[in-house]
Amino acid sequence: MSAYPLTDTLGAPLPEEFTRLSDTELGELDRLLRAARTRRAKHLAEAVDSSMRYVPRLLRPTLRKALGL
């Protein structure tokens, strides 16, 4: 684990410009990024579930497997 949780969240080193941000600002940025990722995952799951309604029930497991879901 790195000194900054944001580095772990991004999965990459922070750009040099981020050294000008306070720990509080970096923490808030990390929190906002995690919240955005959570929302995106939720919306994607809802979209997949919604689209599966158009697929015949017997084909759904095969399609989910093919899509890696």
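Residues numbered from 1 in each chain as written. Predicted model: local features only at pLDDT ≥ 70, side-chain atom pairs only at ≥ 80, totals over all residues. Heavy atoms only, no water.

(A) The overall build of the protein chain, seen in detail. Across its full length, the protein chain carries 3 helices and 0 strands. Starting at the N terminus, the α and β elements of the protein chain follow one another as α-α-α. For 69 residues, the compact-globule formula gives about 11 Å, and the C-alpha radius of gyration of the protein chain, at 18 Å, lies well above that figure. Projecting the C-alpha coordinates of the protein chain onto the three principal axes gives extents of approximately 55 × 15 × 15 Å. (Helix = DSSP H or I, 4+ residues; strand = E, 2+ residues; numbered from the N terminus. Rg over C-alpha atoms; globule rule 2.2 N^0.38 Å.)

(B) Broad picture of helix H2 (residues 23–52). In this model, H2 (30 residues) spans 43 Å end to end at C-alpha, consistent with the 44 Å of a helix rising 1.5 Å per residue. Those residues of H2 that fall on the buried side of the exposure criterion are Leu26, Asp30, Val48 and Met52. Packing partners of the buried residues in H2 comprise helix H1 (5–10) and helix H3 (60–67). (Expected span 1.5 Å × (residues − 1). Buried < 20%, exposed > 50% of the residue type's maximum accessible area, 1.4 Å probe, protein only. Contact = heavy atoms within 4.5 Å.)

(C) Spatial organisation of the side chain of Thr9. On the secondary structure map, Thr9 appears in helix H1. Leaving out residues up to four positions away in the same chain, Thr9 has contacts with Asp30, Leu33, Arg34 and Arg37.

(D) Representation of the pattern of salt bridges within the structure. Under the definition given, this model contains 4 salt bridges. Residue Arg31 pairs with Glu28 through a salt bridge whose shortest N-O separation is 2.6 Å. Of this pair, Arg31 and Glu28 both sit in helix H2, 3 residues apart, which is roughly one turn of that helix. Looking at Arg31, the relative accessible area reads 45%, which means it is partly exposed. The residue Asp30 makes a salt bridge to Arg34 at a minimum N-O spacing of 3.1 Å. (Salt bridge = Lys/Arg side-chain N within 4 Å of Asp/Glu carboxyl O.)

(E) Structural context of the packing of H2 against H3. One way to put it is that H2 packs onto H3 with a least axis distance of 11 Å and a crossing angle of 145°. Once H2 is placed against H3, the crossing between them reads as right-handed. Facing Val48, Asp49 and Met52 of H2, the residues of H3 in contact are Arg60, Leu63, Arg64 and Leu67. (Axes fitted to C-alpha atoms, helices over the stretch in contact; angles between N-to-C directions. Left-handed = near helix turned anticlockwise from the far one by under 90°.)

(F) Fine view of H3. For H3, the tally of buried residues reaches only 0 of 8 residues, placing the bulk of the element at the surface. Residue Gly68 follows H3 closely and has a positive phi angle near 75°.

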